[in-house]
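Structure assessment
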Amino acid sequence: MTENKWAIIIGSIVLLAFFLPFTLLTNIEKWYGSFFVWIVLALIVVICNITMTKNWGKYK
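These lines cover the structure that appears in this document, whether it is placed above or below. These numbers were taken from a predicted model, which means no experiment stands behind them.

Now for the overall build of the chain. When you go through the chain residue by residue, the secondary structure sums to two helices and zero strands. Its C-alpha radius of gyration of 15 Å places the chain more than 25% over the 10 Å reference for a compact globule of 60 residues. Across its three principal axes, the chain shows a C-alpha extent of roughly 50 × 15 × 10 Å. Looking at the chain as a whole, 22% of its 60 residues are labelled buried. In the form shown here, the chain has an accessible surface area of approximately 5,300 Å², with 71% of it arising from carbon and sulfur atoms.

What follows is the structure, encoded as structure tokens:
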């Protein structure tokens, strides 16, 4: 995948981190509902970054 596609994927995940707690999770009154979503989304972004940079520097 190209860097632009990774940027779109990661940008979409960041937007989800803003919108999910205030739309789908509004009826959850516990504070840890949003934190769980943010942790899961952060792990997905970390995995995307690892996948994106695993071959970095191998091709010259």
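Summed over all chains, the structure comprises one aromatic pair. With a centroid separation of 5.3 Å and an interplanar angle of 85°, the aromatic rings of phenylalanine 35 and tryptophan 38 are classed as edge-to-face. Here tryptophan 38 and phenylalanine 35 lie together in helix α2 (residues 32-53), a separation of three residues that amounts to about one turn. Residue phenylalanine 35 is classed as partly exposed on the basis of its relative accessible area, which comes to 41%. Its relative accessible area of 34% is what places tryptophan 38 among the partly exposed residues.

Together, Val14, Leu15, Phe18 and Phe19 line one region of the surface with nonpolar side chains, adding up to about 420 Å² of accessible area. By secondary structure assignment, the location of leucine 15 is in helix α1 (residues 3-19). On the basis of relative accessible area, leucine 15 is assigned to the partly exposed category, the value being 48%.

This next bit is on the nonpolar core. Within soluble globular proteins, side chains that are nonpolar generally end up buried alongside one another. Of all hydrophobic cores here, the largest spans ten residues; its members are Trp6, Ile10, Ile13, Ala17, Leu20, Leu25, Val37, Leu41, Val45 and Cys48. Of all elements in the fold, only α1 and α2 reach the threshold of two or more residues within this core. Once residues within four sequence positions are removed from consideration, isoleucine 10 is found in contact with Val45, Cys48 and Asn49.

So, about α1. Along an α-helix, residues three or four apart share an orientation, since each turn contains 3.6 residues. A rise of 1.5 Å per residue sets the reference length of α1, with its 17 residues, at 24 Å; its end C-alpha atoms lie 24 Å apart and thus fit the reference within 8%. Those residues of α1 that sit buried are Trp6, Ile10, Ile13 and Ala17. Viewed along the axis of α1, the buried residues span an arc of 55°, placing them on a single side of the element. In α1, those exposed residues whose orientation departs by more than 90 degrees from the buried face are Asn4, Ile8, Phe18 and Phe19.

Conventions and cut-offs
Residues numbered from 1 in each chain as written. Predicted model: local features only at pLDDT ≥ 70, side-chain atom pairs only at ≥ 80, totals over all residues. Heavy atoms only, no water. Helix = DSSP H or I, 4+ residues; strand = E, 2+ residues; numbered from the N terminus. Rg over C-alpha atoms; globule rule 2.2 N^0.38 Å. Buried < 20%, exposed > 50% of the residue type's maximum accessible area, 1.4 Å probe, protein only. Areas by Shrake-Rupley, 256 points an atom, 1.4 Å probe, with all protein chains shown as cover. Phe/Tyr/Trp six-rings, centres within 6.5 Å; stacked < 30°, edge-to-face > 60°. Patch = residues over 30% accessible without salt bridge, like charges linked within 9 Å, V, L, I, M, F, W, Y side chains within 5 Å. Salt bridge = Lys/Arg side-chain N within 4 Å of Asp/Glu carboxyl O. Core = buried A, V, L, I, M, F, W, Y, C linked by side-chain atoms within 4.5 Å. Contact = heavy atoms within 4.5 Å. Expected span 1.5 Å × (residues − 1). Arc of directions from axis to C-beta.

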